[in-house]
Amino acid sequence: MSAVRKTVLVAVAAAIAGAIASYLILVSQRGAGMSELEQPAAARKPLYWVAPMDAAYRRDAPGKSPMGMDLIPVYESEDPGAGTVRISPEVINNIGVRIAPVEYRALPTQIRTVGYVQYDEDRRVHIHPRVEGWIEKLYVKASGDPVEAGQPLYELYSPQLVNAQEELLLALKRDNPRLVAAAEDRLRALQLSPDFIAQLRRDRKVSQTVTFHAPQTGVVDNLNIREGFFVMPGTTLMSVGVLEDVWVEAEVFERQASLVTVGLPVSMRLDYLPNREWQGRVDYVYPSLDEKNRTLRVRLRFANDDRLLKPNMFTQVVIQADPMAQALVVPREAVVRTGNQDRVVLALGEGRFASREVALGRVGERYIEILSGVEEKDDVVVSAQFLLDSESSKSADLQRMESADREPVFTRGNAGADRLEKTGGHHD
């Protein structure tokens, strides 16, 4: 080769090398000014690799999935973050995701429960004898019979009543005012009526049986005697209850106990009269909870002028608790309740969703108060949230598992190159 030819080849090589160097410098300068999204995939460092058919299968180096497919790299801009899932718009539409805002609003609270109609115990009278004796005649035959005040209920034969009448007649015969007054006081203490005592003084004749009358107008209940029964003091013969006003015994859950106070308005419906609604009020809140059911008993009072409400009827009641003026609330269906925590699914935009733990306050008919965990103007998912919450929880668990310190293990990849994989195994 001649000297001239060698000189020409060296010059051409030097020119080509200079051009390549200039191009590489230009590319480097352009790459430094690009954002991470604008840089080619080769210039970015993947965070991890996932299987195409299973995003839960992650590795720290390229390789093959259990199905024999090449793993796909995931870069920082594509990583949704711990506890966050990303869904395409088509999938969001197919599973019917609906979103509602977290907002401040008045929180009316309605406590829905059930109850049973009872007699008004304030006006219910239990009838007991004051002496031993036998029921000679019974004027009422069954529980539920209506009675009027002063109506005869039963006749009683008692030797003690006969002796008491004779003492009065003896005092009258002796014309001793002190003995007469003492005898009359004893007869009144044994529940003999003033009319009976006046007739005894007038006729001066002892009655072998004494008739006892109804103390008030009402309905006979708990009729425990029949003609011929022997009764003693303390025996409950019957009760007379009134139905102009009735009680309704209801129960509310322990978490709602603080919302119930005396005087709150109550509405009530019955199955046998579905078009009728009764209006009443909370009459009394019992001081203790049922230790088995963990419920609080509440007594409600309703007017019953038309006598349609009958004892032991089953009712549905709604207690209108005092509303909270302004509270941070979400729809009730947005809350995912579990055994140890309550969560909502936040809609972060661009198809991203994340599960958040929240602390709950008062529970209304349509909304639940949120004490912590979300802020005003956040968006929460109100449908398909259980699916999204499950996926978000799985994503967060995987991130925690991968961030845990593990002993590095050298394994041989499917392509034949050595790679470092973080697992919990031993050095091979």
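Calculation criteria
- Residues numbered from 1 in each chain as written.
- Predicted model: local features only at pLDDT ≥ 70, side-chain atom pairs only at ≥ 80, totals over all residues.
- Heavy atoms only, no water.
- Helix = DSSP H or I, 4+ residues; strand = E, 2+ residues; numbered from the N terminus.
- Areas by Shrake-Rupley, 256 points an atom, 1.4 Å probe, with all protein chains shown as cover.
- Pairing = 2+ DSSP bridges.
- Axes fitted to C-alpha atoms, helices over the stretch in contact; angles between N-to-C directions.
- Parallel < 35°, antiparallel > 145°, perpendicular 65-115°, else oblique.
- Left-handed = near helix turned anticlockwise from the far one by under 90°.
- Contact = heavy atoms within 4.5 Å.
- Nonpolar A, V, L, I, M, F, W, Y, C, P; charged D, E, K, R; others polar.
- Buried < 20%, exposed > 50% of the residue type's maximum accessible area, 1.4 Å probe, protein only.
- Salt bridge = Lys/Arg side-chain N within 4 Å of Asp/Glu carboxyl O.
- Phe/Tyr/Trp six-rings, centres within 6.5 Å; stacked < 30°, edge-to-face > 60°.
- Lys NZ or Arg CZ within 6 Å of the ring centre and 35° of its normal.
- Expected span 1.5 Å × (residues − 1).
- Arc of directions from axis to C-beta.
- Polar contact = N/O pair within 3.5 Å; in protein donor to acceptor, adjacent residues only side chain to side chain.

## A few points about the overall build of the chain
Of regular secondary structure, the chain possesses 6 helices and 26 strands. When the accessible area of the chain is evaluated, it comes to approximately 25,300 Å², of which 52% is carbon and sulfur surface.

## Some points on the sheet that holds strand 8 (residues 133–138)
In spatial order, the strands read 11-10-8-13; together these 4 strands make up an open sheet with antiparallel pairing. Strand pairing shows two members of the sheet lacking a second neighbour, strand 11 (209–213) and strand 13 (230–231), which therefore form its edges. Bridge analysis of strand 8 against strand 13 gives 2 bridges, and the strand direction is antiparallel. The residue of strand 13 that forms the bridge with Trp134 is Phe230.

## A short note on the packing of helix 4 (residues 177–189) against helix 5 (residues 194–203)
Two elements in contact, helix 4 and helix 5, have axes separated by 10 Å at closest approach and are oriented at 140°. When the axis of helix 4 is compared with that of helix 5, the two are oblique. Our pair here, helix 4 against helix 5, has a crossing hand that is right-handed. Counted together, Val180, Glu184, Leu187 and Arg188 of helix 4 and Ile197, Leu200 and Arg201 of helix 5 form the full contact between these two elements. For the contact of helix 4 with helix 5, the per-class residue count stands at 4 nonpolar, no polar and 3 charged.

## Topic: the sheet that holds strand 14 (residues 238–241)
If you trace the 4 strands from one edge of the open sheet to the other, you get 7-14-12-9, paired in antiparallel fashion. Only two strands of the sheet have a single partner each, and these edge strands are strand 7 (125–127) and strand 9 (146–147). Note that strand 7 and strand 14 share 3 bridges and pair antiparallel. In the sheet register, His126 faces strand 14, and the bridge partner there is Ser239.

## A look at the environment of Leu71
Within the fold, Leu71 resides in the loop between strand 2 (54–59) and strand 3 (72–74). Judged by its relative accessible area of 10%, Leu71 is buried. Sequence spacing of Leu71 and Arg58 is 13 residues, and the spatial spacing of their C-alpha atoms is 8.5 Å.

## With respect to the pattern of salt bridges
All chains considered together, the criterion is met by 19 salt bridges. We note a salt bridge from Asp70 to Lys64, for which the minimum N-O separation is 2.5 Å. Classification of Lys64 by relative accessible area gives partly exposed; the value is 33%. Where Asp306 meets Arg276, a salt bridge forms, and the shortest distance between an N and an O atom there is 3.1 Å. In this pair, Asp306 sits in the loop between strand 18 (295–303) and strand 19 (314–331) while Arg276 sits in strand 17 (residues 273–289), placing the two residues 30 residues apart along the sequence.

## Describing the packing of helix 3 (residues 159–174) against helix 4
Where helix 3 meets helix 4, the axes come as close as 8 Å, and the angle between the chain directions of the two elements is 160°. Accordingly, the angle class assigned to the pair helix 3 and helix 4 is roughly antiparallel. As for the relative orientation of helix 3 and helix 4, their crossing is left-handed in sense. For the pair formed by helix 3 and helix 4, the contact residues are Gln160, Ala164, Gln165, Glu167, Leu168, Ala171, Leu172 and Arg174 on the first element and Leu179, Val180, Ala183, Glu184, Arg186 and Leu187 on the second. Among the residues forming the contact of helix 3 with helix 4, the class breakdown is 8 nonpolar, 2 polar and 4 charged.

## Quick notes on the packing of aromatic side chains
All told, the structure shown has 5 aromatic pairs when counted by the stated rule. An aromatic cluster is present here, built from Trp134, Tyr157 and Phe230 joined pairwise through their rings. It is Arg299 that lies over the ring of Trp247; its NZ or CZ is 4.0 Å from the centre.

## Things to note about the pairing of strand 24 (residues 379–383)
Judged by how many residues are buried, strand 24 sits mostly within the fold: 4 of 5 residues are covered. Of the strand pairs in this sheet, strand 5 (residues 98–101) and strand 24 are connected by 4 bridges, and their pairing is antiparallel. In the strand pairing of strand 24, Pro101 is matched with Asp379.

## Considering helix 4
Compared with the 18 Å implied by 1.5 Å per residue over 13 residues, the 18 Å span of helix 4 between its first and last C-alpha is a close match. Taken together, the buried positions of helix 4 are occupied by Val180, Ala183, Glu184 and Leu187. The arc that holds the buried residues of helix 4, viewed along the axis, is 100°, so those residues lie on one side. Where helix 4 is buried, its residues meet helix 3 and helix 5. Backbone nitrogen of Arg178 and a side-chain oxygen of the N-cap are separated by 3.1 Å at the start of helix 4; the cap is Asn176.

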